[in-house]
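Observations on chain architecture
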Amino acid sequence: MKLLSVTLKHFKPYWRGLLLAFGCSLIGGAFTVIPPILAGKLVDEILPNKMTDMMGWLVAGVFFAFLFKIVFESLQEFIQVQIGLDVITDMQLRAFGRLHKTPMSFFTTTPRGDMLYRLTHDVEAVQNLNNTVIPRFIQQVVSAVAAFIAVFALYWPVAIVMFAVFAIYLYPSFKLGRTMRKMSAVQRDMSADIYHHLQESIESTRLVRTFQTQNREVQTQDKKLTAWKNFSIRAALIGKVNWRLGNLFNIATPGVVMVVGGLAVWNHSISVGTLVACLGFIPTMFFPIRSLAENALVIQQAIPALQRIYEYFDLPVEHEENLPKMGDIRGDIKVDDLWFRYPDKEEYVLKGVSLTMEAGQHIGIVGTSGGGKSTLIQLLLGLYEPEKGRIEIDQQNLFAYNRNSFRQQVGVVSQETFLLNNTLRMNLLYGRKNATQNELERACEAAGLTDFIAALPEGYETIVGERGLKLSGGQRQRVALARAILRHPALLIFDEATSSLDGETEERVQSALESLIPGRTTITIAHRLVTVRDADKILLLDKGVVAEEGTHDELLSLKGQYYQLYMAQYSELEKERAI
Ligand SMILES: Nc1ncnc2c1ncn2[C@@H]1O[C@H](COP(=O)(O)OP(=O)(O)OP(=O)(O)O)[C@@H](O)[C@H]1O
């Protein structure tokens, strides 16, 4: 029921068009009635009375009845296909929009292939139903009702018999349909899983080749495909049974009508012409049944597909859209007693973390791997909500505001850079579309990209490749940096921004970063402690707790964890230099 009400809601804005389409199908249906009636007249009046002059009119009547039927039904189909495409586009956009508003936890727990499958293949399944089956089915139902009324008017017992046959067919067909729908839902989940594996396997082709796991990948796919194939064979079998059942009733009905109608002719209750007309209506009356049987697979695939799309309409939203927007921030940050664990996890990742920083300060966060540094940043960006504790930006509770308005004022450069398969210019302008060429060049200058771009034959118009793969790691980092600078962020966050780079590139990116930091509120997460040596304050996070806090010199003099880490890295550096 919910499925129907949600679907109807989507069609509601197009009610005028739908009404027009329905009007066309009514007119088309009315013309369907004419040829069998004329056939009855031929048998009862024209042939016995040898009214040869009427033959021409009869042929013209049949011809124009079909012509008008085709014209009006084509019009109806055209309007409905157009509305169907509008509705399916609305649905896809709604699901896609909701996905972008749902909390980050959804993305870490849902396979990407499943999301893509819903927004492409499931949408396509509904589109097939919407564009081909439904418009025809409406025509067929309208024509069948018109034919039923005509038969009822000609000789009602035949109409009742036909109706009874129809009702008998509906029961097994309904039962089979339910089984098919359930099977189809399983089939779609299996297909989504196959799609997910394909996508993941192709995306990780480097990993696959490095570890020589090609055969394992193919075997996994083979297992999934075989299970899907076996299941699909069973589903197809049930579909065929349903289709044959439709055929059986299609064949049986004329027989039943002949018996009932023949007896009526014998008893002089009806004329032979009326019987001929009644027989002529059978195909029209059984069109919807045949169509349902023939398109059962499309219908049964579309229903779970629709359900899967609708599930995305109900995804929780990260924050209420109508929360007030955060004005321009200065950059004072206060984190107070933050407790957090990832969904479905028992272990807390942050256990009472507190931090204060004033606008313009530079804070470094260091610590052991898995200590919770990146998680803290995710919470600071409002991507996750803490279980306990507060985050205040300029003395205002972050979670009482529309978080997008805060994020707009933050520039993040992380270890992983996300570049689109587009031009350098588009990637640089991603966060601020309307920046001027001058601003763009200044940001590239600050990020140390000017020489690199100048050396490219196509300059800013160079296509960077899928996920920026045509650029080196260092170049990608600097593009990400320039993109962040271009937003004029009030708060800059560097999350291991240079850790994946080689020594020389790291130094170049690092010096680009350092030129930006003075006077800007900055948080830097770093493994290499030299990166944050000049920070106003350094926090050492260990197992979700702030274990040490202070300036570089203060922490060294503590002779605690920071000191030990620094000494370990210092000697490493010394070793590197000695070599
Ligand atoms: N999306 C997630 N779902 C569940 N657990 C997660 C998720 N992301 C991180 N974790 C877990 O949270 C803990 C802290 O991870 P986090 O990435 O914050 O550490 P980190 O200090 O940044 O580590 P590193 O220095 O290695 O990058 C780790 O134990 C990690 O396994």
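Residues numbered from 1 in each chain as written. Predicted model: local features only at pLDDT ≥ 70, side-chain atom pairs only at ≥ 80, totals over all residues.

What counts here: UniProt positions are given in the numbering used here, feature names are shortened, and annotations may be inferred rather than shown by experiment.
Heading Subcellular location (unreviewed entry) of the UniProt record for the protein chain holds this comment: "Cell membrane".

Focus on the overall build of the protein chain
This is how the line gets drawn: A run of DSSP states H or I qualifies as a helix once it reaches four residues; a run of E qualifies as a strand once it reaches two. Both are numbered from the N-terminal end. The quantity called the radius of gyration is restricted to C-alpha atoms. Its globule counterpart is 2.2 Å times the number of residues to the power 0.38. Using C-beta atoms placed from the backbone, we call a residue buried if 20 or more other C-beta atoms fall within 10 Å of its own, exposed if 12 or fewer do, and partly exposed for counts in between. We call two residues in contact when their backbone-placed C-beta atoms lie within 7 Å.
When you go through the protein chain residue by residue, the secondary structure sums to 20 helices and ten strands. Relative to the compact-globule value of 25 Å for 579 residues, the protein chain shows a C-alpha radius of gyration of 35 Å, a clear excess of over 25%. In terms of its C-alpha atoms, the protein chain occupies a principal-axis envelope of roughly 120 × 50 × 45 Å. Expressed as a percentage of its 579 residues, the buried residues of the protein chain come to 32%. The long-range fraction of contacts in the protein chain, counting pairs at least 24 apart against all pairs at least 6 apart in sequence, stands at 80%.

Quick word on the site of the ligand
Rules: In this entry, near means the residue's backbone-placed C-beta atom lies within 6 Å of the molecule or strand. By the convention adopted, Pro, Cys, Tyr, Trp, Phe, Met, Ile, Leu, Val and Ala count as nonpolar, Lys, Arg, Asp and Glu as charged, and the other residues, Gly among them, as polar.
Taken together, Thr108, Tyr342, Lys345, Val349, Gly367, Ser369, Gly370, Gly371, Gly372, Lys373, Ser374 and Thr375 make up all the residues around the ligand. When residues of the shell around the ligand are assigned to their parent elements, the largest contribution, three residues, is made by helix α12 (residues 373–380). The residue makeup of the shell around the ligand, split by class, is two nonpolar, eight polar and two charged.

Regarding the sheet that holds strand β9 (residues 537–542)
Spelled out, the test is: Whether two strands pair comes down to DSSP finding at least two bridges between them. Note on method: axes are straight lines fitted to C-alpha atoms, helices fitted across the in-contact stretch only, with angles between N-to-C directions ranging 0 to 180 degrees.
Across the sheet, which stays open at both edges, the six strands sit in the order β6-β7-β8-β3-β9-β10 with mixed pairing between neighbours. Pairing within the sheet leaves two strands with one partner each, and these edge strands are β6 (410–414) and β10 (545–550). Each strand axis lies, on average, 15° off the axis of its neighbour in the sheet, ignoring direction. Where strand β3 (residues 362–367) meets strand β8 (residues 521–525), four bridges bridge the pair, whose relative direction is parallel. Each residue of the ladder has a partner; that of isoleucine 363, found in β8, is isoleucine 523. Relative to β6, helix α17 (residues 473–486) is tilted by about 175°, and along the sheet it contacts β6 and β7 (491–495).

Observations concerning the environment of phenylalanine 68
One can find phenylalanine 68 in helix α4 (residues 53–99). Residue phenylalanine 68 is classed as partly exposed on the basis of its 15 C-beta neighbours within 10 Å. Note: C-alpha distance between phenylalanine 68 and glutamate 321 (253 residues apart in sequence) is 51 Å.

Brief notes about the packing of α4 against helix α11 (residues 296–313)
For clarity, the cut-off: When describing relative orientation, an angle under 35 degrees is termed roughly parallel and one over 145 degrees roughly antiparallel, while 65 to 115 degrees is termed roughly perpendicular and anything else oblique. In a left-handed crossing the near helix is turned counterclockwise from the far helix by less than a right angle, and in a right-handed crossing that turn is clockwise.
Running from N to C, α4 and α11 point in directions that differ by 45°, and their axes come no closer than 8 Å. In terms of orientation, α4 lies oblique with respect to α11. Once α4 is placed against α11, the crossing between them reads as left-handed. Between α4 and α11, the contacting residues are Met91, Arg94, Ala95, Arg98 and Leu99 on the first element and Ile309, Tyr312 and Phe313 on the second. Among the residues forming the contact of α4 with α11, the class breakdown is six nonpolar, no polar and two charged.

A short note on the nonpolar core
Definition in use: For our purposes the nonpolar core covers buried Ala, Val, Leu, Ile, Met, Phe, Trp, Tyr and Cys residues that link as a set through C-beta atoms within 7 Å.
Ranked by size, the top nonpolar core spans 61 residues in total, and within it Ile365, Val479, Leu481, Ala482 and Leu539 carry the most contacts. Sorting elements by how many residues they give to this core places α17 first, with seven residues. The residues contacting isoleucine 365, other than those within four sequence positions of it, are Lys373, Leu376, Ile523, Ile525, Leu539 and Leu541.

Remarks on the confidence of the model for the protein chain
Interpretation of the predicted coordinates at a detailed level should be avoided for regions scoring low in pLDDT. In plain terms, the rule: The pLDDT value expresses, per residue, how confident the predictor is, ranging between 0 and 100.
Of the residues in the protein chain, 95% reach a pLDDT of 70 or more, and the chain-wide mean stands at 85. At the low end of the mean pLDDT range in the protein chain sits helix α18 (residues 503–516), at 68; at the high end sits strand β1 (residues 333–340), at 93. Scored as a whole, the predicted complex attains pTM 0.71, and scored at its interfaces, ipTM 0.96.

What about the UniProt feature "domain: ABC transmembrane type-1" (unreviewed entry) in the protein chain?
Mapped onto this numbering, the UniProt entry gives "domain: ABC transmembrane type-1" (unreviewed entry) at residues 19–301. Note that residues 19–301 is 92% helix and 0% strand, and that its end C-alpha atoms are spaced 27 Å apart.

Thoughts on helix α3 (residues 34–46)
Selection criterion: A helix's residues, less one, multiplied by 1.5 Å, set its expected span.
In this model, α3 (13 residues) spans only 16 Å end to end at C-alpha, well below the 18 Å of a helix rising 1.5 Å per residue. Among the residues of α3, Pro35, Pro36, Leu38 and Gly40 are the ones counted as buried.

Some words on the packing of helix α7 (residues 156–203) against α11
Contact geometry of α7 with α11 gives a least axis separation of 8 Å together with a crossing angle of 55°. The orientation of α7 with respect to α11, classified from their angle, is oblique. Where α7 crosses over α11, the handedness of that crossing is right-handed. Contacts between α7 and α11 involve Gly177, Met180, Arg181, Ser184, Ala185 and Arg188 from the first element and Ala296, Gln300, Gln301, Ile303, Pro304, Ala305 and Arg308 from the second.

Re the sheet that holds strand β2 (residues 350–357)
Pairing is antiparallel in the open sheet, where four strands are placed in the order β2-β1-β4-β5. The strands lining the two open edges of the sheet, one partner per strand, are β2 and β5 (396–397). Sheet topology note: the strand β4 (residues 388–393)/β5 ladder contains two bridges and is antiparallel. Residue pairing for β5: glutamate 392 is matched across the bridge by asparagine 397.

With respect to the UniProt feature "transmembrane region" (unreviewed entry) in the protein chain
Under the UniProt annotation, the feature "transmembrane region" (unreviewed entry) is placed at residues 20–43, 55–72 and 145–171. Between the end C-alpha atoms of residues 55–72 there is a gap of 26 Å, over a span that is 100% helix and 0% strand. End C-alpha to end C-alpha, residues 145–171 measures 20 Å, and it is 96% helix and 0% strand.

Digging into the pairing of β9
In terms of burial, β9 is a largely internal element, five of the six residues being buried. With five bridges connecting them, β3 and β9 associate as parallel partners. Paired with valine 366 across the bridge in β9 is leucine 540. Bridge count between β9 and β10: five bridges; the pairing is antiparallel. When the bridges of β10 are listed, leucine 539 appears paired with glutamate 549. Here β9 folds back onto β10 in antiparallel fashion, the turn holding two residues, of which lysine 543 has a positive phi close to 50°.

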